Amino acid sequence: MSEIEQPEERIVQVSEAPTQPVTKPTDQFEHKAAGFWIRFWAYVADLLVLASIGMLLIKPIFRLLSLEINDPTWYAPFTLITSIIFYAYFVLMTKFFNQTVGKMIFGIKVITKDREKLKWSTVLFREWVGRIISVIPLNIPYLAVAFTPKKQAIHDFIADTLVVHEAVYDKTQKVEYTRPPAAKELQEQNIF
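If you're wondering where the values come from, they're calculated on a predicted model, not measured in any experiment.

Visitor: Could you clarify how one ought to interpret the packing of helix 2 (residues 77-97) against helix 4 (residues 120-135) in this entry?
Guide: Helix-helix packing is characterised by the crossing angle of the two axes and by the distance between the axes. Relative to each other, helix 2 and helix 4 sit at 150°, their axes nearing to 9 Å. Regarding helix 2 and helix 4, the two cross each other, and that crossing is right-handed. Residues Tyr 87, Phe 90, Val 91, Leu 92, Thr 94, Lys 95 and Phe 96 of helix 2 pack against Trp 120, Val 123, Leu 124, Glu 127, Trp 128, Arg 131 and Ile 132 of helix 4.

Visitor: Mind showing me how you'd approach the packing of aromatic side chains here?
Guide: The geometry of an aromatic ring pair is captured by the separation of the ring centres together with the interplanar angle, meaning the angle of the planes. Taken as a whole, this structure holds 11 aromatic pairs when the rule is applied. The interplanar angle of 40° and the centroid separation of 5.7 Å between the aromatic rings of Tyr 43 and Tyr 142 together place this pair among those described as tilted. Taken together, the residues Tyr 43 in helix 1 (residues 36-64) and Tyr 142 in the loop between helix 4 and helix 5 (144-147) connect sequence positions 99 residues apart. Across this residue pair, the class does not change: Tyr 43 and Tyr 142 are buried. Consider the rings of Tyr 89 and Phe 90, whose centres lie 5.2 Å apart with planes at 80°: the pair is edge-to-face. Across the pair, exposure class does not vary: Tyr 89 and Phe 90 are buried alike.

Visitor: Would you take a moment to explain a nonpolar patch on the surface for this structure?
Guide: A surface patch of nonpolar side chains, amounting to about 1,000 Å² of accessible area, comprises Leu 92, Phe 96, Phe 97, Met 104, Trp 120, Leu 124, Phe 125, Trp 128, Val 129, Ile 133 and Ile 158. Elements with a contribution of two residues or more to the nonpolar patch: helix 2 and helix 4. Broken down by element, the nonpolar patch gets its largest block of residues, 6 residues, from helix 4. As for its placement among the helices and strands, Phe 125 is situated in helix 4.

Visitor: How do you make sense of unusual backbone geometry when you look at a structure like this?
Guide: Glycine aside, residues mostly have negative phi, and peptide bonds are mostly found in the trans state. Located in the positive-phi region is Arg 115, a residue other than glycine, with phi close to 65°. Tracing the backbone shows Arg 115 in the loop between strand 2 (108-112) and helix 4.

Visitor: Sorry if this is basic, but what is going on with the pattern of salt bridges here?
Guide: Once the charged atoms of two side chains with opposite charge are near each other, the side chains can pair. What the rule picks out here adds up to 4 salt bridges. The salt bridge involving Asp 156 is made with Arg 39; its shortest N-O contact spans 2.7 Å. Taken as a pair, Asp 156 in helix 6 (residues 154-159) and Arg 39 in helix 1 lie far apart in primary sequence, 117 residues in all. Both residues of the pair, Asp 156 and Arg 39, count as buried. The network of salt bridges with common partners includes Arg 39, Arg 126, Glu 127, Arg 131 and Asp 156.

Visitor: Even after reading the chapter, I still don't get helix 1, so can you show me in this structure?
Guide: Along an α-helix, residues three or four positions apart point the same way, because every turn accommodates 3.6 residues. In this model, helix 1 (29 residues) spans 41 Å end to end at C-alpha, consistent with the 42 Å of a helix rising 1.5 Å per residue. Maximum bend of helix 1: about 35°, positioned at Gly 54. If you check which residues of helix 1 are buried, you get Arg 39, Ala 42, Tyr 43, Ala 45, Asp 46, Leu 50, Gly 54, Ile 58 and Phe 62. A positive phi of about 55° marks Ser 66, the residue just after helix 1.

Procedures and definitions
Residues numbered from 1 in each chain as written. Predicted model: local features only at pLDDT ≥ 70, side-chain atom pairs only at ≥ 80, totals over all residues. Heavy atoms only, no water. Axes fitted to C-alpha atoms, helices over the stretch in contact; angles between N-to-C directions. Helix = DSSP H or I, 4+ residues; strand = E, 2+ residues; numbered from the N terminus. Left-handed = near helix turned anticlockwise from the far one by under 90°. Contact = heavy atoms within 4.5 Å. Phe/Tyr/Trp six-rings, centres within 6.5 Å; stacked < 30°, edge-to-face > 60°. Buried < 20%, exposed > 50% of the residue type's maximum accessible area, 1.4 Å probe, protein only. Patch = residues over 30% accessible without salt bridge, like charges linked within 9 Å, V, L, I, M, F, W, Y side chains within 5 Å. Areas by Shrake-Rupley, 256 points an atom, 1.4 Å probe, with all protein chains shown as cover. Salt bridge = Lys/Arg side-chain N within 4 Å of Asp/Glu carboxyl O. Expected span 1.5 Å × (residues − 1). Bend = angle between axes of the 7 residues up to and from the residue.

Below you can see the structure in the form of C-alpha cells.
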C-alpha cells in the first residue's frame with residue numbers, strides 16, 4: 001500500500017494584542033459654575049454695600065456743600081458720582097480680588113476661561129462695557145445666566161469669563177485613548 005503523505009503542519013502564531021483602543025480614565029475636577037440665584041443674591045449684597053456708601057459718605061458731603069441730591073437728570077453731580085463709584089467698585093474689586101463683597105459673602109469668584117490672571121482689559125470689558133449692555137435694557141440680559149450651559153451672562157461672554165464657586169468642584173472623567181501595539185508586519189513600511 002502506498003502511504004499518503006500528510007502535508008506538514010504549519011505553525012502560525014497569532015498575536016494576542018488587543019484590537020480595540022485601550023482606555024485610561026482619569027478623574028478631573030473643575031470649579032462648579034455659579035448659577036443665577038446665587039449670583040443674583042451676591043449682586044443684591046453688592047447693591048446694599050453701594051447704597052451704604054452713598055448714604056454714609058456721598059449724601060452727607062452733598063448736604064454739607066448744599067448741593068442738589070434729587071436732581072432727576074442723568075448728568076446731575078450726585079448721579080455722576082454714584083455711577084463712577086458703582087463702576088469703580090465692580091472694576092477694582094474684580095481686578096484685585098476676583099470677587100466683590102457680595103461674591104465673597106456667597107463664596108463665588110470670577111475667573112477667565114483659560115484660568116489665567118484677570119487682565120485690566122478683561123475686567124474693564126466685563127465690568128464696565130458688559131454691565132452697561134446688561135443694565136440698560138431693564139437688566140434682562142442677566143437672565144442669560146439661567147439658560148447657558150456654563151452659567152454665563154452677557155458680560156461674561158464679552159470678556160470670556162466664568163463665575164464659579166470657590167470651594168465646590170464638579171468631578172468629570174477624562175478618558176484617554178491609546179492605540180494598541182500593531183503587528184510587526186503592519187509597522188514595517190513598504191518601500192517601492
